[in-house]
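# A look at the structure
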Amino acid sequence: MTKLLATTALASLMATSAFATEITVGAANVSSYLDPGRDHSNVGSQFYYNAFDTLIAKNHDTTDTEWQPGLATEWKLIEPTIMELKLREGVKFHNGADMTADDVVFSLNRMYQADFPPYQVRARDRLENFEKAEKVDDLTVRIHAKRPEPLWETLLNLQQVMIIPEDYTKGLAGDPDKLEHDDFEAFSLKPVGTGPYKVSEFVPGETVVWERFDDFWGEKAPLDKVTVRHMPETASRITALKTGEADIVTNIAPDQLQLIENDPDMKAAGSATALFHVMIMNVNHPKLKDARIRQALSLAIDRDTLNEALWGGKAVVPSTHTLEEFGELYQPELTTFEYNPEKARELLKEAGYDGFELTYDTAPGYYTNGLLAAQAIMEMWAEVGINGKVNVQDKWSGNSPDMMTRNWSNPMYFADPFGSFGVMWAPNGPSESEGRFNTDEDYAKSWEQFRYSGDVELRRAAYAELMERIKQDPPVLPLYRPYESWAMKTNVNWAPKPGHIPYVLDFRAGSISFN
Amino acid sequence: MLTYVLRTLLRMAITLFLIVTLVFFATRLSGNPVDFVLGEGITKEDRALLIAYYGLDSSIGTQYWRYLSSVFSGEFGLSFLERRPVSEIVLERAWPSLKLLLSAVCFTLIVSIPLGILAAIYRTSIIGSVVMVIAFLGYAVPSFIIGILLVLIFAYTLNWLPVIGDGTALHFIMPTLAISGTLVAAITRFTRNAMLDVLSQDYMRTARAKGLPEWIVILKHGLRNASITLLSVVGLQIASLAAAGSVVVESIFAWPGIGDLLVRSAILRDYPVLQFGVLSVAVAVIAINAAVDIAYAFADPRIRLAKG
Amino acid sequence: MTDATHHLSSPRNTATKTFRIPIWSDANWIVRIALLIGLILVVTALTAPWLAPFDPNAQSLISRLRPPIGFDRYKDGFYFGTDELGRDIFSRCIYGLRLTFALALAGAVIGLLIGGTLGLMAGIIGGMFEEIVMGLVDAQIAIPFTLIALLILAAMGSSLDVMILVLGVYGWEQYTRIVRGEVKKLIQMPFVEAARAAGATPARIAVRHILPNVVSPIVVQFTLNFSNIVILESTLSFLGLGVQPPTATLGSMVGIGRDYLPTAPWIVLAPAMVILLLTFAVQILGDWLRDKADVRLRSR
């Protein structure tokens with residue numbers, strides 16, 4: 001391990017000395033604000049890992065779960081609901097201040113005991129079980145959970161609980177000694193963290209500039225400066241690689257890949273991203289109340305053909321709502337979703353489907369291939385006799401009682417079924433609260449066991465029960481893990497790491513090199 | 001004269017009030033920003049929380065009143081999305097837009113006026129027809145097609161021109177060409193027609209009778225008569241350029257302009273940005289039009305009478 | 001987008017002009033070409049269901065992105081190639097032309113009716129009514145139209161009916177300006193005053209004396225507006241606000257297909273050529289009509 005580390009260090013050192021260490025990234029979307037706490041968007045997740053740290057870090061080179069010391073060097077449960085963490089010494093924030101237990105407690109409690117609405121909203125779906133953080137001494141903190149927590153490390157590795165400086169934040173607006181909401185508003189424009197890069201310039205929606213932070217506690221950053229620029233138009237983004245205006249560009253659709261691969265100046269890197277493009281169905285829509293109709297909608301979709309035709313076979317079509325990254329909770333043996341047009345026809349007949357129009361909402365360009373898949377799905381529905389219609393709009397319609405079906409993405413916010421399926425489909429969670437999903441006591445009981453049980457086997461069994469429920473009365477169909485690609489100049493070696501949440505632009509040591 | 005100026009100013013004020021009101025209610029009718037900004041998959045309570053956070057929980061009348069008073073106090077509020085003052089956001093975008101606009105206007109005038117004169121002089125011959133055909137092409141192709149084709153030819157294939165942003169003079173070439181299409185067509189056509197007007201005037205007959213070559217006469221009398229009118233045409237074009245034509249061009253060339261900002265904030269229902277952005281563009285357009293009107297009235301008393 | 005000649009040019013001391021429909025023999029060769037193109041396009045649009053070899057919305061996911069005739073991997077019968085869902089571009093162009101033509105025509109006519117009526121009334125009635133109408137005109141000019149379209153579509157949903165409404169609203173203010181300007185000029189002319197002295201009602205004056213005089217500038221504005229609407233429709237599709245897929249219009253084909261310009265350019269270039277021909281023919285014809293209708297040029 002040490003040897004490996006040394007080699008990577010040497011490699012990055014050589015890269016640093018011998019080659020250009022300033023790069024430009026052309027991004028299809030750039031965040032409008034930079035605050036890891038309030039953000040959980042696919043656009044935002046690109047930007048936090050370079051500038052912020054979590055208490056507990058993770059090995060991102062593998063989909064296996066390997067926790068590593070982060071801003072905390074050791075952690076142990078001192079009671080079933082209390083975790084005590086020793087903080088790393090000598091950690092500095094980008095503004096020069098030392099990181100102390102106060103900063104950690106401040107960062108965690110801004111989420112655990114949130115009273116700033118954007119934090120409240122974000123904390124509710126994943127940090128509900130955490131009561132508070134408290135300081136023991138300058139380098140020791142304790143975190144109190146409400147109930148025993150099986151996912152301690154996972155939930156301390158979240159983007160939302162990255163550590164930010166207390167005094168700096170409080171001093172941003174109004175009274176420098178008091179915490180006001182305006183402080184958080186201001187922070188999202190001038191973010192400060194402990195990561196290997198500091199954000200030296202931020203123009204919302206347009207530009208993010210990272211510069212190497214020389215006082216970083218870990219291995220120094222391999223690049224002097226990274227400029228991320230907003231380049232919305234696909235043709236221009238690819239062209240920017242050719243003209244040298246960009247070294248890496250994001251969001252290359254599968255249909256563009258051949259262009260990149262046929263060009264000696266460019267190459268592409270990609271992966272089946274840790275999220276599902278899904279179709280959601282409103283179980284409470286008067287015309288969709290009959291589960292058989294929804295089962296038919298799901299059974300009629302030939303996801304493998306979608307994969308072959310639109311993704312060149314590079315996407316991953318799941319048999320159930322599960323991801324390799326879930327480790328022991330990965331359950332590919334379950335068959336919750338399948339393609340069976342015969343059965344779809346039968347079910348439609350049984351349910352007495354009378355040919356009413358089924359709308360499928362989609363945003364025009366947000367999901368790669370989203371609009372194409374929507375149109376192809378309409379054709380597949382027509383095959384079994386469903387009268388479908390695509391409805392393109394930017395509005396989120398998932399909370400509207402009129403919504404029948406629509407596309408969405410279900411990201412892996414952290415590597416556990418709770419961080420993917422669980423965030424969206426918990427009892428009283430967002431889907432139920434938006435009125436398009438119902439749960440009952442049985443469901444809640446299974447969910448309870450899946451979420452809080454300390455026994456992996458019990459969790460697996462409970463999750464299988466939940467999947468069976470979803471199969472019988474489907475509110476969702478995961479279409480596939482999309483294959484997302486980045487293009488870069490031939491001399492750049494970069495690829496998305498398997499252990500990250502989706503879309504992270506990781507330029508830390510060992511993540512990028514040049515030849 | 002003073003009454004005329006005052007009337008013009010009053011009319012401006014009324015128009016602006018209309019715009020502010022129309023935009024305010026149109027945006028409210030068109031949807032709630034929570035459903036666009038971060039409304040995906042949040043619980044009902046959280047949605048209510050965010051609506052209150054954005055100050056959208058009070059009645060529409062109260063909101064309108066609050067907005068009107070904010071317009072007069074010069075406090076236009078924070079963007080829902082970026083949480084910084086909208087004036088700062090719009091200002092950031094105004095200069096790049098203005099630069100592109102000026103570049104397009106200069107290019108257009110340099111190209112269109114000679115073309116228009118040519119088309120007028122040779123209106124009966126093939127030269128005139130060819131000129132007009134070329135000019136019409138500007139109307140005939142969507143500017144994003146021209147833009148992307150330019151990018152693919154001059155940047156992707158030939159690697160002659162940069163494609164991203166407004167860094168150097170070279171960066172202006174392609175966006176200017178892409179954005180100027182309709183403008184060139186309009187001004188060429190206008191110039192031609194204005195020149196034709198001049199051709200039918202009595203003094204042209206006199207001049208021609210004196211044996212002066214036609215082109216000298218046209219340049220001398222025609223351009224002078226047409227110049228103010230030309231200005232007003234350009235003034236009228238600014239509104240459409242500010243968003244209609246330019247949003248696509250800004251998007252293609254990653255140009256941080258106001259068209260892109262307006263359309264994005266409209267799509268996401270970022271009301272404060274949208275309201276202030278539209279207001280700024282409207283003020284600019286109305287001010288230019290009013291200035292042109294007043295200048296025109298000075299030059300031509302008949303207009304003053306007609307308008308007064 | 002504006003042709004301000006008529007609004008701003010100095011009053012002409014001409015008598016009542018009658019609008020005369022020009023004929024083939026008046027036309028030079030460019031106009032004849034434009035006439036021919038226009039005729040072909042109209043016939044194509046009218047006979048689309050018979051002309052198109054395939055259902056424009058029929059997909060074939062296994063034969064996506066096939067190039068046009070004469071290239072490698074050409075799929076037999078699909079002359080212009082296939083698009084990103086394997087649909088026949090030739091058929092989509094034909095149907096797209098039909099719908100785009102209808103949308104642009106409907107849009108331009110609605111704009112003319114709204115704008116023309118308001119302009120006529122403002123010019124004749126005057127007073128407070130005129131002030132309000134002209135205030136609205138100024139407001140419309142100062143608000144970028146894309147935003148108005150966007151807000152209407154957002155509030156009312158994006159169906160074909162709403163799209164026609166949006167395109168119909170586009171350009172009304174130009175007609176209003178033109179018509180009102182002409183009316184104001186004409187109303188002081190001796191022949192109109194004479195008619196008024198002779199006891200003619202305002203409506204009669206409008207129909208008999210004023211309408212014939214504004215036909216020429218309106219025709220020009222109409223053709224201009226028609227082309228602008230075709231372009232506007234494609235811009236709305238670029239922004240994801242156009243006619244709902246899978247329905248083919250020329251605008252949606254170029255607007256949605258543009259991402260394929262580097263890799264499968266035929267998806268965009270075929271409909272773009274049709275747009276070019278359509279707007280071009282309409283423009284040339286409009287300009288020709290204007291010249292022909294212009295008394296001063298005719299007399300020379």
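Just so we're clear, the structure is a prediction, and the values are computed from it rather than from any experiment. (Residues numbered from 1 in each chain as written. Chains lettered and ligands numbered in written order. Predicted model: local features only at pLDDT ≥ 70, side-chain atom pairs only at ≥ 80, totals over all residues. Heavy atoms only, no water.)

Here the focus is the overall build of chain B. For chain B, the helix and strand inventory stands at 12 helices and 0 strands. Sequence-ordered secondary structure for chain B, helices as α and strands as β, is α-α-α-α-α-α-α-α-α-α-α-α. Residues counted as buried form 59% of the 308 residues belonging to chain B. On chain B, roughly 12,200 Å² of surface is accessible, and the fraction owed to carbon and sulfur atoms is 72%. (Helix = DSSP H or I, 4+ residues; strand = E, 2+ residues; numbered from the N terminus. Buried < 20%, exposed > 50% of the residue type's maximum accessible area, 1.4 Å probe, protein only. Areas by Shrake-Rupley, 256 points an atom, 1.4 Å probe, with all protein chains shown as cover.)

Another point: helix 10 (residues 258–267) of chain B. Helical geometry note: an α-helix holds 3.6 residues per turn, so side chains three or four residues apart project in the same direction. Residue and element names in this part refer to chain B. In terms of residue burial, helix 10 counts as a mostly covered element, since 9 of its 10 residues are buried. Those residues of helix 10 that sit buried are Ile258, Gly259, Asp260, Leu261, Leu262, Val263, Ser265, Ala266 and Ile267. Two residues or fewer past helix 10, arginine 269 is found with a positive phi of approximately 55°.

Residue and element names in this part refer to chain C. At a closest axis distance of 8 Å, the pairing of helix 2 (residues 29–46) and helix 4 (residues 89–125) adopts a crossing angle of 100°. With respect to helix 4, the element helix 2 is oriented roughly perpendicular. Facing helix 2, whose interface residues are Leu41, Val42, Thr44, Ala45 and Leu46, helix 4 presents Ile94, Leu97, Arg98 and Phe101. Among the residues making up the contact of helix 2 with helix 4, the classes are represented as 7 nonpolar, 1 polar and 1 charged. (Axes fitted to C-alpha atoms, helices over the stretch in contact; angles between N-to-C directions. Parallel < 35°, antiparallel > 145°, perpendicular 65-115°, else oblique. Contact = heavy atoms within 4.5 Å. Nonpolar A, V, L, I, M, F, W, Y, C, P; charged D, E, K, R; others polar.)

Once that is clear, we can look at the nonpolar core. Leu55, Ile143, Trp210, Trp381 and Phe507 of chain A are the most contacted members of the largest nonpolar core, which totals 307 residues. Examining the composition of this core, we find that 15 residues originate from one element, helix 12 (residues 266–293) of chain C, more than from any other. When neighbours within four sequence positions are excluded, leucine 55 of chain A is seen to be in contact with Pro69, Gly70, Leu71, Ala72, Leu85, Leu87, Val104, Leu108, Ile143, Leu156 and Ile163 of chain A. In this structure, Val179, Ala200, Ile210 and Val214 of chain C belong to the second largest nonpolar core, which totals 15 residues. (Core = buried A, V, L, I, M, F, W, Y, C linked by side-chain atoms within 4.5 Å.)

With that out of the way, let us pick up the interface of chain A and chain C. Each side of the interface is counted separately: chain A has 19 residues, and chain C has 20 residues. Across the interface of chain A and chain C, roughly 1,700 Å² is buried in total on both sides, 53% from carbon and sulfur atoms. The largest contributions to the chain A side of the interface with chain C come from Glu233, Asp255 and Gln375 of chain A, which together make up 28% of the buried area. Where chain A packs against chain C, one counts 2 salt bridges. (Buried area = accessible area lost by both parts, 1.4 Å probe. Salt bridge = Lys/Arg side-chain N within 4 Å of Asp/Glu carboxyl O.)

On to the UniProt feature "domain: Solute-binding protein family" (unreviewed entry) in chain A. Here the UniProt feature "domain: Solute-binding protein family" (unreviewed entry) sits at residues 67–418 of chain A. In residues 67–418 of chain A, the share of helix is 28% and the share of strand is 25%. The end C-alpha atoms are 18 Å apart. (UniProt positions renumbered as here; feature names shortened; annotations may be inferred.)

Let us now look at the packing of aromatic side chains. Residues and elements named next belong to chain A. Applying the stated criterion to the full structure yields 45 aromatic pairs over all chains. Summarising the aromatic geometry, the rings of tryptophan 447 and phenylalanine 450 are spaced 5.9 Å apart at their centres and angled 80° between planes, so their arrangement reads as edge-to-face. Taken together, the positions of tryptophan 447 and phenylalanine 450, both in helix 15 (residues 441–452) and 3 residues apart, correspond to about one turn of that helix. Judged by relative accessible area, which is 9%, tryptophan 447 ranks as buried. By the ring-pair criterion, three or more aromatic residues cluster together here, those being Phe414, Phe418, Phe421, Trp425, Phe437, Tyr443, Trp447, Phe450 and Tyr463. Sitting above the plane of the tyrosine 33 ring, arginine 38 keeps its charged end 4.8 Å from the centroid. A cation sits over an aromatic face here: arginine 126 above tyrosine 413, 4.4 Å from the ring centre. (Phe/Tyr/Trp six-rings, centres within 6.5 Å; stacked < 30°, edge-to-face > 60°. Lys NZ or Arg CZ within 6 Å of the ring centre and 35° of its normal.)

Right, let's get into the environment of aspartate 224 of chain A. Residues and elements named next belong to chain A. Of note, aspartate 224 is situated in the loop between strand 9 (207–212) and strand 10 (225–230). Each C-alpha atom of the pair aspartate 224 and isoleucine 470 lies 49 Å from the other, and the pair is 246 residues apart in sequence. Filtering out sequence-adjacent residues up to four positions away, aspartate 224 remains in contact with Thr21, Glu22, Trp210, Glu211 and Arg212. At a separation of 2.3 Å, a polar atom in the side chain of aspartate 224 contacts the side chain of threonine 21. (Polar contact = N/O pair within 3.5 Å; in protein donor to acceptor, adjacent residues only side chain to side chain.)

All right, on to the sheet that holds strand 7 (residues 140–145) of chain A then. Residues and elements named next belong to chain A. Taking strand neighbours across the sheet as the criterion, the 4 strands line up as 4-5-7-6 in an open arrangement whose pairing is antiparallel. What marks the edges here is a single partner per strand, and that holds for strand 4 (72–79) and strand 6 (130–137). Direction aside, the axes of adjacent strands within the sheet are offset by 20° on average. In this sheet, strand 7 lies alongside strand 6 in antiparallel orientation, the contact comprising 6 bridges. (Pairing = 2+ DSSP bridges.)

With that out of the way, let us pick up the interface of chain C and chain B. Contacts between the two partners involve 58 residues from chain C and, on the opposite side, 64 residues from chain B. Taken together, both faces of the contact between chain C and chain B bury some 5,600 Å²; the carbon and sulfur share is 68%. Summed over the shared surface of chain C and chain B, the number is 0 salt bridges. Our enumeration of links across chain C and chain B arrives at 2 residue pairs in polar contact (both at pLDDT 80 or more). If you list the elements that add at least two residues to the side of chain C that touches chain B, you get helix 1 (5–8), helix 2, helix 5 (127–142), helix 6 (145–156), helix 10 (202–238), helix 11 (250–257), helix 12 and helix 13 (295–299) of chain C. Among the elements that make up the side of chain C that touches chain B, the one with the highest residue count is helix 12 of chain C (12 residues).

All names here are of chain A. Extensive coverage of strand 18 (residues 483–489) is indicated by the burial of 6 of its 7 residues. Relative to strand 18, strand 11 (residues 248–252) runs antiparallel, the two sharing 3 bridges. In the strand pairing of strand 18, valine 249 is matched with alanine 487. Here strand 12 (residues 266–272) runs beside strand 18; their pairing, made up of 7 bridges, is antiparallel. Bridge pairing in strand 18 links lysine 267 to methionine 488.

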